[in-house]
Amino acid sequence: MKFFLFSLSTILLSLILVPSSDGAAAFASSPSSSTTPPAATSAQETQRRRVSLVTGASGYVGREIVHTILSNDDDDINDDVICLVRSSKVEDETSYWSSVLNTKGPSKRSTVRVMPYDMLDGGESLNNALCTAYKKHSQDDDEDSDDTIDYCVYHLACIFGPTQNHIQTAHDAITGVTSTVQTISKYNRCKLILTSSMAAVRGTGQTPSNGKYYTHRDWNTMSKLEDDSWGSSYQWSKTESERVTMQLAKELNVPMVSLNPSFVFGPSTFCPSSSASSSSKSYSLTLVGQWIRGESPVQSRLCIDVRDVAKAHVYMGKQPLSSSVWNEQERFILSTEARISSTDIAKELQKVAASSGGKVIDPNAIYADTDFKGGAIPIGEKEVDCADRLRQYFGGLVCRSVEETFKDMGRFLLIEME
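Described in the following lines is the structure provided in the data block. What you see is a predicted model; the values in this text were computed from it and never measured.

**Here we look at the overall build of the protein chain**
Secondary structure summary: the protein chain contains eleven helices and eleven strands in total. Each of the 418 residues in the protein chain was classed as buried or not, and the buried ones make up 54%. Pairs at least 24 residues apart make up 81% of the contacts formed inside the protein chain by residues separated by at least 6 positions. Carbon and sulfur atoms make up 48% of the accessible area of the protein chain, which totals about 18,600 Å².

**Quick look at the pattern of salt bridges**
When charged atoms on two side chains of opposite charge get close, those side chains can pair. The tally for this structure, following the rule as stated, stands at 16 salt bridges. Asp-308 is paired through a salt bridge with Arg-400; the nearest N and O atoms lie 2.6 Å apart. Taken as a pair, Asp-308 in helix 7 (residues 306-317) and Arg-400 in the loop between helix 10 (387-393) and helix 11 (402-417) lie far apart in primary sequence, 92 residues in all. We classify Arg-400 as partly exposed; its relative accessible area is 22%.

**Observations concerning helix 11**
Taking 1.5 Å per residue, 16 residues should reach 22 Å; helix 11 reaches 22 Å between its end C-alpha atoms and fits that length. Val-402, Thr-405, Phe-406, Asp-408, Met-409, Gly-410, Phe-412, Leu-413 and Leu-414 are the residues of helix 11 that are buried. At its buried positions, helix 11 is contacted by helix 1 (60-70), strand 9 (263-265), helix 6 (283-292), strand 10 (303-305), helix 7 and helix 9 (342-355).

**Digging into helix 7**
With twelve residues, helix 7 should cover 16 Å at 1.5 Å per step; its first-to-last C-alpha distance of 17 Å lies within 8% of that length. Helix 7 sits mainly inside the fold: ten of its twelve residues count as buried. Turning to helix 7, its buried residues are Val-306, Arg-307, Asp-308, Val-309, Ala-310, Ala-312, His-313, Val-314, Met-316 and Gly-317.

**Comments concerning the side chain of Thr-111**
Positionally, Thr-111 belongs in strand 5 (residues 110-116). Judged by relative accessible area, which is 9%, Thr-111 ranks as buried. At 2.6 Å, the side chain of Thr-111 forms a polar contact with the side chain of Asp-80.

**Comments concerning the packing of helix 3 (residues 124-136) against helix 4 (residues 166-184)**
At a minimum axis distance of 9 Å, the contact between helix 3 and helix 4 shows a crossing angle of 30°. When the interaxial angle is binned, helix 3 and helix 4 end up roughly parallel. Considering the relative orientation of helix 3 and helix 4, their crossing is right-handed. Contacts between helix 3 and helix 4 involve Leu-126, Asn-127 and Leu-130 on the former and, on the latter, Thr-180, Thr-183 and Ile-184.

**Here we look at unusual backbone geometry**
Unusually for a residue other than glycine, Arg-189 sits at a positive phi of about 60°. Here Arg-189 shows up in the loop between helix 4 and strand 7 (190-195). Backbone geometry at Gln-329 places phi at a positive 50°, although glycine is not the residue there. With respect to the helices, strands and loops of the structure, Gln-329 is situated in the loop between helix 8 (324-327) and strand 11 (331-334). The buried category is assigned to Gln-329, whose relative accessible area is 17%.

Reading the values: rules and limits
Residues numbered from 1 in each chain as written. Predicted model: local features only at pLDDT ≥ 70, side-chain atom pairs only at ≥ 80, totals over all residues. Heavy atoms only, no water. Helix = DSSP H or I, 4+ residues; strand = E, 2+ residues; numbered from the N terminus. Buried < 20%, exposed > 50% of the residue type's maximum accessible area, 1.4 Å probe, protein only. Contact = heavy atoms within 4.5 Å. Areas by Shrake-Rupley, 256 points an atom, 1.4 Å probe, with all protein chains shown as cover. Salt bridge = Lys/Arg side-chain N within 4 Å of Asp/Glu carboxyl O. Expected span 1.5 Å × (residues − 1). Polar contact = N/O pair within 3.5 Å; in protein donor to acceptor, adjacent residues only side chain to side chain. Axes fitted to C-alpha atoms, helices over the stretch in contact; angles between N-to-C directions. Parallel < 35°, antiparallel > 145°, perpendicular 65-115°, else oblique. Left-handed = near helix turned anticlockwise from the far one by under 90°.

Right, here's the structure in full:
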């Protein structure tokens, strides 16, 4: 049975930490006392609320999405966020988001709740989170207020990198998305944004279907589950996970959109005053850290800035259920359209290292891999066609340049190393 919604009759006015029986913690943040309070409204005139549930919220992209949600500038919408993380991270993430809301506070009333999540529990933890969200915003099963609240699940939870059994890890990803769609289908007015990957668009060395460059219509037809290649298994899992999600969402009438970012780089947003882990751990941060320490050569990657990935997710999450993108199961590549050379990336990182006087990193230690010339499409040539669709569907979004991304990421990592 689906839940029906009712508008909020009360609004939290100050930062509150509320322990709960499910092991979660919730916060509320309001404008400072110097801010002129809004005029009293009736239940029917209550501002709309947007409820976002983010799986993998402690990750590199997940945290950036939550930060972006909290910094929204929609005057007529307040945000409630449920961060879904591994149970072992609930305490740290609770402390982190408490510091975020205490330090700078979002522009309007927003709430953050951290709850435990396991993508392999058959949907139990996601169902607990959705049940918590719907109960908070429902009263007397009044159907008339359905249009005052939007619910969106951002599904990012995924393992990227070598594991002891990468074939099982690939199958686990499909199990996770299956239970995610099945759980969401039980709830009214809940939409899904699946964070897929460019890996689902093309396999290593795969030729674009149009013979020129990849588009959102391309699918990876090459990658397979292989014992000796975690990369191929990962690409296969992203492809199959997206296919399964789309098929099941169509069968169960779950409105969804799939976003396919290329390799994600860029600085991690963090709260300086938090005693918890300041930045989320990620393969990207580890990899570029190796580059600037001279431990491995700088590589040319088709990529996108993590800030642009987050902005695209949140913009799409704001789109109403009446938008055709949900019913048509639209698919979007998030990426710059061409690679730049590893030499150019290395130069940007060398400049950053030199700006610190070489006290933290020796600029001369940074070197480029000049052997790789590109996959099916040479470095420097248009590899994907996505810029026009990003501008059209994401409010004029233009991706940052690769140079800007690595300059900012290098500065971030130098600060982390100091």
